[in-house]
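What follows is each chain in one-letter form.
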Amino acid sequence: MSMFCYQCQETAKGKGCEIKGVCGKTEEVAKLQDLLIYTVKGISEIVVKGNFNIKEISNVNHEVFTALFMTITNANFDEAALEKQIKKLLVLRNELKEKVQADHLHDAATFVVDSKESMLKKAATVGVLATENEDVRSLRELITYGIKGMAAYAHHALNLGRENGEIYAFAYEALAKTLDDSLTADDLVALTMKTGEFGVKTMALLDEANTSKYGHPEITQVNIGVRNNPAILISGHDLTDLEQLLEQTEGTGVDVYTHSEMLPAHYYPAFKKYEHLAGNYGNAWWKQLDEFASFNGPILFTTNCIVPPRSEEIQSRIFTTGASGYPGCEHIEADQNGKKDFSKIIEMAKKLNAPKEIENGSIVGGFAHEQVFALADKVVDAVKSGAIKKFFVMAGCDGRMKSREYYTDFARKLPMDTVILTAGCAKYKYNKLDLGDIGGIPRVLDAGQCNDSYSLALIALKLKEVFALDDVNDLPIAYNIAWYEQKAVIVLLALLYLGVKNIHLGPTLPGFLSPNVAKVLVDTFGIAGIGTVDDDIALFMGA
Ligand code: SF4
Ligand code: SF3
């Protein structure tokens, strides 16, 4: 075995990638990511033991969260970028260490490497399998993956100038605890719940950052066809990057299209003023190999999900920024003030053909919390009259496994008196089906990106209040969530923290859950996998 990674849903055989990632991650990249996480854990221990004032170590907070984000599935495949981040963190770690008296620091806080070769050698001893007890390993990884998702969301909020010291402090506390062999499985289960609590806080922070800058999402028809101008495709989740790109392309004759998780940007009032924000091109991340070929213009990745490009021609059109990276693709760094210069991308776009049409028409979205609250009377009346029998939260991720066709079939076969609440790229499995509406309320309500699952939680809490219920589980809402990467892990933990029970998770349960940890989740929270579409619909509808 040359590497081991089991953090995502597509892990080899549902157990672990051992030679190369199914995602395309090489052994070296996997190892450097392991060492980066280990370094982050060492820093966490020093920060906790040294009782540092979080506000005074801003640079460390930011670099640690960037590092965590870089290790999310499909975010960064660039060995050089990972190596650079390890070096940067080791300098910061050693500076912090000089300021503390703590004895008995963990090896993660003290190890020394002096070359890439020594990094790879060290990495081979500190990965996931270094924890021998499979239950402890499972819980440590569950917490670590949740914190990776949290770091990604906090990173977006930070780009909008919002941060919360409590979130960094919790991440340090939790990551330091993943190094502590004295903790029991019960301690780690409690820490997992606390991770969910901070997941809610982080999503709330990002929601506040997005809506205070860009306004509250509103019902919007998004064009999925194309125009005749040259264009740039922007993918990933970072709205600040989109804003800067729109500003810099204004008046240049170059259009901008969103891709995958950037689709919900169209729902924000602030982006509607840009006439050259032409529409959304393509589908969820995993279809990009074909869709980038027909797009013709350059592509900017602001975050995950990158699929290794299949040709040099396409690779030459891909740019990355933020925590994302791919070897051979130009990476655009921010300056001291967070400004990014996208002129190279714009110049490239001008020389290339306009996108080729692959679809036409439009899709509707923008059902985040404020928009749904504005429709509350209509929704409540529809529930009271029986026109809406049940809501299905189907948020999360899409992926390439054929078994995910389950979600398309599920959406199609749901009774006509049901409504799907969605967020994240999972929506692409059913957002282009003609599922109709109930008295003007579309049967698929898209709140936004995966982090906007927070909106779905707020909507559930609002309905609980309106119907004067004591328990959120008494609402006519079922949860059938699809997961792929670690942001879905923090969304799941956040829902568990909010008391949501009986969540069905698919298309497969995480490979990193040991049988005992899976049992705890099943016994305590009623978590279940998916079955056949017909059986599951019957089960959810209480037949
Ligand atoms: Fe495998 Fe997923 Fe890890 Fe990639 S991220 S190496 S596919 S488990
Ligand atoms: Fe999708 Fe990668 Fe998770 Fe933000 S873009 S949801 S998978």
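Just so it is clear, the structure is predicted and the values come from calculations on it, not from any experiment.

Overview of the site of ligand 1
Near ligand 1, the surroundings consist of Met3, Cys5, Tyr6, Gln7, Cys8, Thr11, Cys17, Gly21, Val22, Cys23, Lys25 and Thr73. Among the residues forming the shell around ligand 1, the class breakdown is seven nonpolar, four polar and one charged.

A few points about the site of ligand 2
The environment of ligand 2 is made up of His237, Glu261, Trp285, Asn304, Cys305, Gly396, Cys397, Cys425, Cys450, Tyr484 and Glu485. Across the shell around ligand 2, the residue classes break down as six nonpolar, three polar and two charged. Residues lining the shell around ligand 2 come from more than one domain, with at least three contributed by each of domain 2 (220–351) and domain 3 (369–540).

Remarks on helix H8 (residues 239–249)
With nine of its eleven residues buried, H8 lies for the most part within the structure. Where H8 is concerned, the buried positions are Leu239, Thr240, Asp241, Leu242, Glu243, Gln244, Leu245, Leu246 and Thr249. Phi turns positive, to about 75°, at Gly251, one or two residues after H8.

Observations regarding the domain arrangement of the chain
Here the chain is described as being made up of domain 1 (12–213), domain 2 (220–351) and domain 3 (369–540). Between domain 1 and domain 2, the C-alpha centre-to-centre distance is 28 Å. Listed as interface residues are 18 residues of domain 1 and, on the opposing side, 19 residues of domain 2. Carbon and sulfur atoms make up 56% of the area that domain 1 and domain 2 hide from each other, which totals about 1,500 Å². The largest per-residue losses of area from domain 1 upon contact with domain 2 belong to Asn74, Phe77 and His156, which jointly make up 33% of the total buried on that side. At the junction of domain 1 and domain 2, the tally comes to one salt bridge. The interface formed by domain 1 and domain 2 contains seven residue pairs in polar contact (both at pLDDT 80 or more). Contributions of two or more residues to the side of domain 1 that touches domain 2 are made by helix H2 (58–70), helix H5 (134–159) and helix H7 (185–214). With three residues, H2 is the single largest residue contributor to the side of domain 1 that touches domain 2.

Some thoughts on the packing of H7 against helix H17 (residues 486–497)
For the pair H7 and H17, interaxial distance at closest approach is 7 Å and the crossing angle is 105°. By the criterion of interaxial angle, the relationship of H7 to H17 is roughly perpendicular. When H7 is examined against H17, the residues Thr192, Met193, Thr195, Gly196, Glu197, Gly199, Val200 and Met203 are found in contact with a partner set consisting of Ile490, Val491, Leu493, Ala494, Leu496 and Tyr497.

Details of the side chain of Lys340
Positionally, Lys340 belongs in the loop between strand S7 (330–332) and helix H12 (343–351). On the basis of relative accessibility, which here comes to 10%, the residue Lys340 falls in the buried class. Every residue in contact with Lys340, bar those within four places of it in the chain, is listed here: Asp241, Gln244, Gln248, Thr321, Gly322, Ile332, Glu333 and Ala334.

A short note on the sheet that holds strand S6 (residues 318–321)
Taken together, six strands build an open sheet; the order of strands is S4-S3-S2-S5-S6-S7 and the sheet is parallel. Edge positions in the open sheet fall to strand S4 (277–280) and S7, since each of these has one partner strand only. The sheet shows a mean angle of 25° between the axes of neighbouring strands, direction not considered. When strand S5 (residues 299–301) meets S6, the two strands line up parallel, connected through three bridges. Along S6, the bridge assignment pairs Phe301 with Thr320. Where helix H10 (residues 288–295) meets the sheet, it contacts strand S2 (231–235), strand S3 (255–258), S5 and S6, and its direction lies at approximately 160° from that of S2.

A closer look at the packing of aromatic side chains
Considering all chains together, one arrives at 21 aromatic pairs under this definition. Relative to Tyr407, the ring of Tyr406 has its centre 4.9 Å away and its plane inclined at 85°; by these criteria the two rings are edge-to-face. With a relative accessible area of 3%, Tyr407 lands in the buried category. The rings of Phe4, Tyr6, Tyr145, Trp483 and Phe512 are connected pair by pair, giving a single aromatic cluster. For the cation-ring pair, Lys201 lies above Phe198, with the distance from its terminal atom to the ring centre recorded as 4.8 Å. The ring of Phe373 carries the charged tip of Lys462 above its face, separated from the ring centre by 5.1 Å.

Here's the deal with the packing of helix H1 (residues 27–49) against H2
Axis separation between H1 and H2 bottoms out at 9 Å; the angle between their running directions is 150°. The angle between H1 and H2 places the two elements in the roughly antiparallel class. For H1 against H2, the interelement crossing comes out left-handed. Contact residues: Gln33, Leu36, Ile37, Val40 and Ile43 in H1; Val60, Val64, Ala67, Leu68 and Met70 in H2. Considering only residue class, the contact of H1 with H2 consists of nine nonpolar, one polar and no charged.

Considering the sheet that holds strand S14 (residues 477–482)
Strand order in this open sheet of five strands is S13-S10-S9-S14-S15, and the pairing throughout is parallel. This sheet does not close on itself; its edge strands, each paired only once, are strand S13 (444–446) and strand S15 (504–506). Mean inter-strand twist for the sheet, computed between neighbouring axes without regard to direction, equals 20°. Contacts between helix H16 (residues 453–466) and the sheet are confined to strand S9 (390–393), strand S10 (418–422) and S14, with S14 contributing the most and set at about 170° to the helix. Each of S9, S14 and S15 is contacted by helix H19 (residues 533–540), which is oriented at about 150° to S14, the strand it contacts most.

Some remarks on the pattern of salt bridges
With the rule as written, the count across this model stands at 29 salt bridges. Residue Lys402 is joined to Glu405 by a salt bridge in which the shortest nitrogen-to-oxygen separation is 3.0 Å. Here Lys402 falls in the exposed class, since its relative accessible area comes to 63%. Taking the relative accessible area as the measure of exposure, Glu405 reaches 40% and is therefore partly exposed. Of the charged contacts in the structure, one is a salt bridge between Lys427 and Asp446, with a shortest N-O distance of 3.5 Å. Here the residue Lys427 occupies a position in the loop between S10 and strand S11 (437–438), and Asp446 occupies one in strand S13, the gap between them amounting to 19 residues. The pair formed by Lys427 and Asp446 is uniform in burial state, with each residue classed as buried. By sharing partners, the salt bridges in this structure join Glu173, Lys177 and Lys194 into a single network.

Basis of the calculations
- Residues numbered from 1 in each chain as written.
- Chains lettered and ligands numbered in written order.
- Predicted model: local features only at pLDDT ≥ 70, side-chain atom pairs only at ≥ 80, totals over all residues.
- Heavy atoms only, no water.
- Near = heavy atom within 4 Å.
- Nonpolar A, V, L, I, M, F, W, Y, C, P; charged D, E, K, R; others polar.
- Domains from an automatic or database assignment.
- Buried < 20%, exposed > 50% of the residue type's maximum accessible area, 1.4 Å probe, protein only.
- Helix = DSSP H or I, 4+ residues; strand = E, 2+ residues; numbered from the N terminus.
- Contact = heavy atoms within 4.5 Å.
- Buried area = accessible area lost by both parts, 1.4 Å probe.
- Salt bridge = Lys/Arg side-chain N within 4 Å of Asp/Glu carboxyl O.
- Polar contact = N/O pair within 3.5 Å; in protein donor to acceptor, adjacent residues only side chain to side chain.
- Axes fitted to C-alpha atoms, helices over the stretch in contact; angles between N-to-C directions.
- Parallel < 35°, antiparallel > 145°, perpendicular 65-115°, else oblique.
- Pairing = 2+ DSSP bridges.
- Phe/Tyr/Trp six-rings, centres within 6.5 Å; stacked < 30°, edge-to-face > 60°.
- Lys NZ or Arg CZ within 6 Å of the ring centre and 35° of its normal.
- Left-handed = near helix turned anticlockwise from the far one by under 90°.

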